[in-house]
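The residues making up each chain are set out below.
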Amino acid sequence: MWFNGEEINQQKLKSVGARLLKRLALWIESKDLALKWSIESREELSPELGSGSTMKNLFSAKMKELRKERGLTQKAVANALGIGQTTVANYENGSRFPDLEKLSEVADFYKVTVDELLGRLTFRQQGEMEERNSRDQPLYEFQDYMKSLIDVDKMKIREIVLNLIDSNLSLHEIYKNYLVRALKETGTLWEKGEMPIWKEHFISETTLEYMALIKSQQITEIETVQPLLAIVPGAETHSIGIRMISDELEMIGYQVIFLGNNIPADNILAAIRENKPAAVLMSVTMRQHIDSVTLLIDKIKQSFGTNAPAILIGGAAFEQMNYVEMVTGADKYCKNYQDIEKNLKRI
Ligand code: B12
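Only a predicted model underlies this, so the values are computations on that prediction, with no experimental measurement involved.

**Points about the site of the ligand**
- Close to the ligand lie 35 residues, the nearest being Gly 187, Ile 240, Gly 241, Ser 283 and Gly 314.
- Elements supplying a minimum of two residues to the shell around the ligand: α11 (171-191), α12 (197-217), α13 (240-251), β3 (279-283), β4 (310-314) and α17 (337-346).
- The biggest single contributor to the shell around the ligand is α11, with eight residues.
- Along the lines of polarity and charge, the residues of the shell around the ligand split into 16 nonpolar, 14 polar and five charged.
- Among the domains, domain 2 (142-216) and domain 3 (228-346) are the pair contributing at least three residues each to the shell around the ligand.

**Looking at the sheet that holds strand β1 (residues 228-232)**
- Strand order across the open sheet formed by five strands is β2-β1-β3-β4-β5, with parallel pairing between neighbours. The two strands at the open ends of the sheet, each matched to only one other strand, are β2 (256-261) and β5 (332-333).
- Of the strand pairs in this sheet, β1 and β2 are connected by five bridges, and their pairing is parallel. Looking at the pairing, Leu 229 lines up with Ile 257 of β2.

**A closer look at the nonpolar core**
- Within the largest apolar cluster, 62 residues are counted, with the highest numbers of intra-cluster contacts made by Ile 174, Leu 228, Leu 249, Leu 281, Met 282 and Leu 312.
- Among the elements that take part in this core, α11 stands out by supplying six residues, more than any other.
- Excluding residues that lie within four positions of it along the chain, Leu 281 makes contacts with Leu 228, Leu 229, Ala 230, Ile 242, Ile 245, Leu 312 and Ile 340.

**Quick word on the pairing of β4**
- Of all five residues in β4, four are buried, a share of seventy percent or more.
- By the bridge criterion, five bridges tie β3 to β4 in an arrangement that is parallel. When the sheet's bridge partners are listed, Ser 283 is paired in β4 with Gly 314.
- Each parallel crossover has a hand, and the one from β3 via helix α15 (residues 290-304) to β4 is right-handed.
- Summarising the sheet, β4 and β5 pair through two bridges and their orientation is parallel. Each bridged residue has a counterpart across the sheet, and for Leu 312 the counterpart in β5 is Lys 332.

How each quantity is defined
Residues numbered from 1 in each chain as written. Predicted model: local features only at pLDDT ≥ 70, side-chain atom pairs only at ≥ 80, totals over all residues. Near = placed C-beta within 6 Å. Helix = DSSP H or I, 4+ residues; strand = E, 2+ residues; numbered from the N terminus. Nonpolar A, V, L, I, M, F, W, Y, C, P; charged D, E, K, R; others polar. Domains from an automatic or database assignment. Pairing = 2+ DSSP bridges. Core = buried A, V, L, I, M, F, W, Y, C linked by C-beta atoms within 7 Å. Buried ≥ 20, exposed ≤ 12 C-beta atoms within 10 Å, placed from the backbone. Contact = placed C-beta atoms within 7 Å. Right-handed = clockwise from strand over helix to strand, strands pointing away.

Listed below in structure tokens is the structure:
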């Protein structure tokens, strides 16, 4: 608001200046000066009409596009650039623009040229970029990936995943559109008796193997000091879901200590004591494990009292359930990493 207020004042000043200039131009009857006034005042008072405004629009759109492409929040970008989140928001909505120094910092941060940030591409570059974008589309559909898993065709699986990594898809998109879909379909085939358990194991192990590779290619900087603890409580063995959530949170700058499954309750308490996490993330897939998670949450709350970290819970076990918080004692039921991010901001 303060910035807006200042901008309005500056605009007023400019309009007064422009009017004075016009009077002066009329007084000396200089057509050149009058023409100059007409161009300048049009640009100052109606930015959308001026030639520079197109560049400003392109800059705002590019700022948003680059951030989204990299799966970053405005806060993460703001922290990396040492500016406020509001400033990033203003850059993106076109109400504020960086000075030259900051502009080159933004370009360095996104690893693009200043020209690209300002939408200044030659026709040749534009053509090259379009070609690159089309080349960057993944070559393989989900069905190709699923078939390679079912056929246990390790060479093909590798080729497909490497291509997905090279494509323009984010970690979140690769997980959601390929890995998660394949696991769900695996479950359906197993349930129908069309897939043996050994193959289900092969697919889940292969998924874990490639998740590590995909993540290593898209690593981002950790931006939060206080970590999050991710665990699979009780006798639950399904850990891939929360591991994906942990990776997605790390992609947007959170530090996640992933402990997986099979950890004795006392050890979980020790991990909380030592790491002082902002929140403990828990995942339950099978409903019969809900009781043990409820006991664990109770134990955490009793041990740490008002200093207990927030408990955020999720997983397939709760998909059809109401009042998850009431049943489990967790602070919040979350469906995905965006839900977690939203809730962490409130803590
Ligand atoms: C891989 C797998 C396994 C692997 C697990 C390996 C591992 N390290 O995780 C292995 C082979 C060990 C296994 C074992 C078993 N499994 Co199993 N398994 C699966 C399978 C095929 C995929 C699970 C998976 O990873 N899904 C992909 C992830 C990404 O999805 P997700 O877990 O739902 O997580 C998403 C969301 O729920 C959410 N989420 C999850 N956790 C959290 C946490 C938070 C905080 C948040 C915000 C969000 C969140 O985000 C994720 C991303 O979208 C499913 C089929 C299916 N439909 O899911 C069966 C399935 C879960 N298994 C099943 C069964 C029955 C078993 C076994 C009993 C028998 C068997 N099939 O071998 C054993 C039991 C083991 C035990 N003691 O618990 C059943 C469960 C039925 C039920 N509802 O009770 C399923 C549904 C298969 C089926 N169709 O019947 N399994």
